[in-house]
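Structural description and commentary
For reference, the chains in residue letters:
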Amino acid sequence: MLTKFETKSNRVKGLSFHSKRPWILASLHSGVIQLWDYRMGTLIDRFDEHDGPVRGVHFHKSQPLFVSGGDDYKIKVWNYKLHRCLFTLLGHLDYIRTVQFHHEYPWIVSASDDQTIRIWNWQSRTCISVLTGHNHYVMCASFHPKEDLVVSASLDQTVRVWDIGALRKKTVSPADDILRLSQMNTDFFGGVDAVVKYVLEGHDRGVNWASFHPTLPLIVSGADDRQVKIWRMNDTKAWEVDTLRGHMNNVSCVLFHARQDIIVSNSEDKSIRVWDATKRTGLQTFRREHDRFWILAAHPEMNLLAAGHDSGMIVFKLERERPAFSVSGDALFYVKDRFLRSFEYSTQKDTQLIPIRRPGSSGLNQGPRTLSYSPTENAVLVCSDTDGGSYELYVIPKDSYSRGDIVQEAKRGIGSSAVFVARNRFAVLEKTSNQVLVRNLKNEIVKKSSLPIATDAIFYAGTGNLLCRSDDRVVNFDLQQRIVLGDLQTAFVRYVVWSPDMESVALLSKHSIVIADKKLVHRCTLHETIRVKSGAWDGNGVFIYTTLTHIKYCLPNGDSGIIKTLDVPVYITKIYGSTIFCLDRDGKNRPIIIDSTEYIFKLSLIRKRYDQVMSMIKNSELCGQAMIAYLQQKGFPQVALYFVKDERTRFNLALESGNIEKALESAKKIDEKDHWYRLGVEALRQGNAGIVEYAYQKTKNFERLSFHYLITGNLDKLSKMMKIAEVKNDVMGQFHDALYLGDVRERVKILENAGHLPLAYITASVHGLHDIAERLAKELGDNVPSLPKGKQASLLVPPNPVLCAGDWPLLMVSKGIFEGGLDDTGRGVDEDYEEEAADADWGEALDIGEVENLQNGDVSLVLDDVAVNEDNDEEGGWDLEDLDLPPDAETPKTAPNARSSVFVAPTPGMPVSQIWVQKSSLAAEHAAAGDFDTAMRLLSRQLGIRNFSPLKSQFIDIHMGSHTYLRAFTSAPVISIAVERGWNDSATPNVRRPPALVFNFAQLEEKLKAGYKATTAGKFSEALRHFLSILHTIPLIVVETRREVDEVKELVVIVKEYVLGLQMELKRRELKDNPVRQQELAAYFTHCNLQTPHLRLALLNAMTVCFKAQNLSTAANFARRLLETNPSNENQARTARQVLQAAERNMRDATQLNYDFRNPFVVCGATYVPIYRGQKDVTCPYCNTHFVPSQQGQLCTVCDLSVVGADASGLLCSPSQMR
């Protein structure tokens, strides 16, 4: 049983499948009717008007209607599109058990506990017939699928078949008056339009269900006597054929399967049973733990069944419908109707090859499940679920292509999955031992291989390789070398599809697709709500797949989309160009022609094949919001521009892509203040003075316009602005303009006119306009303001603009691939704009020398409703005459039919620091680039470092040291310049070298010498500081050669030994009152790997401490080791010999130490106890100090950086390690 969908709800009493849509109605004991989409697994609607349980429900075959009948004696007809009940049919006097629409006439048949069956006309909404005769509850009634018959089952232990031929004639034939009269009589006195044809007696208890066979004259019934009976009928009589026994409780429902020769029944014994209708034997039983079954429904078109039980319902199939197939070159091999067939794609010729044996057992789902083909040997492996999983090996005879009917004996074997792995070798999975058996064509075992994971299926993965599947991962396993080539976590994989070049693989799960490469490195994952069915790769590396409802595509970057909607599920076998070859569930080969434009277009964009994109835009009908949104999302607004008709969207896209001309076109058509403002902002960003001016004029934004003229130095226009302000009586604007122009007389005049005489007087007298000042003084009389004494007045004159009047200078850039070639502005461009914006944006590609003096066309002001009484020469457009060209500059001529072209602004270059980060995996180079975050992540991954505080100063030094800083001029920020390692004059400017670093290996060697010197002098704290400084610098060192890498790693080991030893020695000096621990620490110090002079000092120290504490035996050991080093200092040698002599007289230790010099050990860096050989320990991933297991996860006490026992990849300090 293959469960497709399951619900949890109240008890389900009625079920009905929709004939076309993937819908099912479930009526519940609670009175609710649910409408489910079993493909999506979603509840679409619920209808809640019945009072009490609803026992019967049925969809109409073609109208958007369904009918329901309940314990409230009501039959309701609903329209599911309008989400409401249309009308209620009243007439029954007790619970209604079942309702059903007639497949042709506007009839409904209903069965009720009032012992009647009623037939209703749902168009006239009347009862047209009452069938009486049963003398107990009628449990079900249904129309025959073809003939004028009704079958009913009742608790009176009978099944009745009713003939409703007269009713049909009455409904259909146009009766004349006399006939109608007799009809009225019969209606009045109890009609004969429905008569009992047969009464089938044989059940010992009440009958719960009876149903017709879809084509044969058979009836099946189920009753409370736990039996299922099959009845046959002819024109005159009906009789019992057989009884099926097996249910342990009342049989609730039973029906014939529409497509297979089987009967399905369910019962209150919590089981569904499947019976062979010809052999009349049980095939299979499906049981539930706690739920009794009440109802069954079969899909009218598809191979689906549904069953309702106490806590919900299930939609299921009895057998898989996917044909077993395998593609090899130009041919498809597949199994259909127990024959192996081949289909040639080129000729579309279908051939029957050989018969494949019928499965011996009579169970369901025993057909071929998978098929594997070896082209050189012409051999086929067929796997099925027979006997718990078995395979059969057939060799196709060369001449059988013509006959295809010779039965040959196949070589068989047990194994849940089998595939060819080489020309004449196939692998069989033996689940019990988790092994793969490699067999030859004689079915002999050649080799056995244990698998790396618990595998439940194997798939082909290239010659000699297998893809092993477990519940949550797949592994690529090489059978020859017995090694794992790749491993990927994924949902349960059902099918595996390799690309033709075996470089990519698609792993298909129930609701997802994972695309990976041949080493199983993950590329992308797609999730689908509807079940994924099949897939294949097309020639462009795009994966095309089918779900139950669609053919879809998946691009290499994970983008997906729909190609076509499907009516029925199909299984893709191969793709040739725009033809997809599929197998359907009937085993027919179907070529489907698809339109691949959309995904080829997206693929070309991803792969940056812009020439293809261009031709596709020109030649195909690609449009729609989805495509525009896609292009915008992927950063191609300039391409999206060519798909859009809506001006507002065009405007937004043009601004986004910086295409100022297109934005201007759209802004004119929209002509709204907000759009002009946004256009002005973008034009200002691009330095396109002309369009800024035009936009400000359109919005009448005179203040901005005045300021714009000031900063571009356009003083003529500024004086015109002042006149406009005067006409508009905008005093403040007029004063500002006068201030911008430095026009003192005008300012005095404005102040005087505004009545500010004192201000006007001061302005005039300060600027030396004595005649005006005297005139104003007379007017002011005694109120003349006094000027401050001793102040030096300075003239307020605006500065000269850096660039006068024209657009900003622009880089000459190559023409964008999508510009010019696609531009349709040249053809139908607005002529007024040709005049208004003659020179608006970026000129044709003039030589830079020719355009130095080329200025933007002036925009003269549009003086709307303003009468200027001066005789000025404004045209109200752009003055095209005042281009100040040098005499030798030739104006570029454009052909009259040439398209205008727009240039794409060059993309800013990548900062050097970003290049460093992208190119390198060395933490030092990331820190130099200032990207401390990734540097810390790298160190954490490589060395397990968690404590970065000791490295903070190094990070800052290294960043500051790899940059130098320049001051440009006062108002500009400081410019930071990256300093590159190994730079010279001959280096090419475009190739960026790695950063110069302040730390190098030579400095560390100097520090090491200083540490040695301090150790010899006994300055242990100072020495420890030097050694720790080395340990904290090494993670940020970069060296060039492999040899230097080894030296750096060696240095880590040397320094670690000294840090550990010195830490123990300093600890020993703190412990004044613990002589035993003092001796132990002194002893451990002698086992650190030190330079010989330092080792002698450590041995001498330990010997002295132990001798004083009367541990003579241990002291003698140190004395012996000291003498073995041949000390050059005679005093040391003499002391050692004296200790030896004293100890030999009394070879014993006063106290027991945790120290055994005979057994090799390392010292724990945190607890300072010996870890003898063979004992468990953990190490620091950076300095490799050993620790006792309890220190796992703690910070290393030696380097103070890494976490003990952390996973780390190791020190990376040279580019040579990455090559």
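Predicted, not measured: the structure shown is a model, and the values here were computed from it.

Remarks on the overall build of the protein
- A tally of regular secondary structure across the protein gives 30 helices and 63 strands.
- Expressed as a percentage of the 1219 residues in the protein, the buried residues total 51%.
- In the protein, the proportion of contacts linking residues at least 24 apart, taken out of those at least 6 apart, comes to 49%.

So, the pattern of salt bridges
- In the structure shown here, the tally under the stated rule is 40 salt bridges.
- Aspartate 71 is paired through a salt bridge with arginine 55; the nearest N and O atoms lie 2.7 Å apart. Highlighted residues: aspartate 71 in the loop between strand E7 (65-70) and strand E8 (75-79) and arginine 55 in strand E6 (residues 54-59), separated in sequence by 16 residues.
- Taking the relative accessible area as the measure of exposure, aspartate 71 reaches 10% and is therefore buried.
- In this structure, aspartate 148 engages arginine 168 in a salt bridge whose closest nitrogen and oxygen atoms are separated by 2.5 Å. Taken as a pair, aspartate 148 in the loop between strand E14 (138-143) and strand E15 (149-154) and arginine 168 in helix H1 (residues 165-172) lie far apart in primary sequence, 20 residues in all.

A word on the sheet that holds strand E20 (residues 227-233)
- If you trace the four strands from one edge of the open sheet to the other, you get E18-E19-E20-E21, paired in antiparallel fashion. Pairing within the sheet leaves two strands with one partner each, and these edge strands are strand E18 (207-212) and strand E21 (238-245). Going from strand to strand, the sheet's axes swing by 20° on average, the running direction of each strand aside.
- Alignment of E18 against strand E19 (residues 218-223), held across five bridges, turns out to be antiparallel. Residue pairing in the sheet places tryptophan 209 in a bridge with glycine 222 of E19.

Quick word on helix H4 (residues 597-606)
- With eight of its 10 residues buried, H4 lies for the most part within the structure.
- Burial in H4 covers these residues: Thr597, Tyr599, Ile600, Phe601, Lys602, Leu603, Ser604 and Leu605.
- A positive phi of about 60° marks lysine 608, the residue just after H4.

Some points on the packing of aromatic side chains
- This model, assessed by the stated rule, comprises 34 aromatic pairs.
- Ring centres of phenylalanine 343 and tyrosine 345 lie 5.7 Å apart, and the angle between their planes is 85°; this geometry places the pair in the edge-to-face category.
- On the accessibility criterion, phenylalanine 343 (5% relative accessible area) is buried.
- Relative to phenylalanine 543, the ring of tryptophan 537 lies with its centre 5.1 Å away and its plane at 55°, an arrangement referred to as tilted.

Some points on the pairing of strand E9 (residues 84-89)
- In this sheet, E9 lies alongside E8 in antiparallel orientation, the contact comprising five bridges. The residue of E9 that forms the bridge with valine 77 is phenylalanine 87.
- The turn linking E8 back onto E9 is made up of four residues, and histidine 83 within it adopts a positive phi angle of 60°.

Here's the deal with the packing of helix H12 (residues 702-712) against helix H13 (residues 715-727)
- Between H12 and H13, the shortest axis-to-axis distance is 8 Å and the interhelical angle comes to 155°. The angle between H12 and H13 places the two elements in the roughly antiparallel class. Where H12 crosses over H13, the two elements pack in a sense that is left-handed. Across from Phe702, Leu705, Ser706, Tyr709 and Leu710 in H12, the residues of H13 making contact are Lys717, Leu718 and Met721.
- Here the contact of H12 with H13 is composed, by residue class, of six nonpolar, one polar and one charged.

Rules of the game
- Residues numbered from 1 in each chain as written.
- Predicted model: local features only at pLDDT ≥ 70, side-chain atom pairs only at ≥ 80, totals over all residues.
- Heavy atoms only, no water.
- Helix = DSSP H or I, 4+ residues; strand = E, 2+ residues; numbered from the N terminus.
- Buried < 20%, exposed > 50% of the residue type's maximum accessible area, 1.4 Å probe, protein only.
- Contact = heavy atoms within 4.5 Å.
- Salt bridge = Lys/Arg side-chain N within 4 Å of Asp/Glu carboxyl O.
- Pairing = 2+ DSSP bridges.
- Axes fitted to C-alpha atoms, helices over the stretch in contact; angles between N-to-C directions.
- Phe/Tyr/Trp six-rings, centres within 6.5 Å; stacked < 30°, edge-to-face > 60°.
- Parallel < 35°, antiparallel > 145°, perpendicular 65-115°, else oblique.
- Left-handed = near helix turned anticlockwise from the far one by under 90°.
- Nonpolar A, V, L, I, M, F, W, Y, C, P; charged D, E, K, R; others polar.

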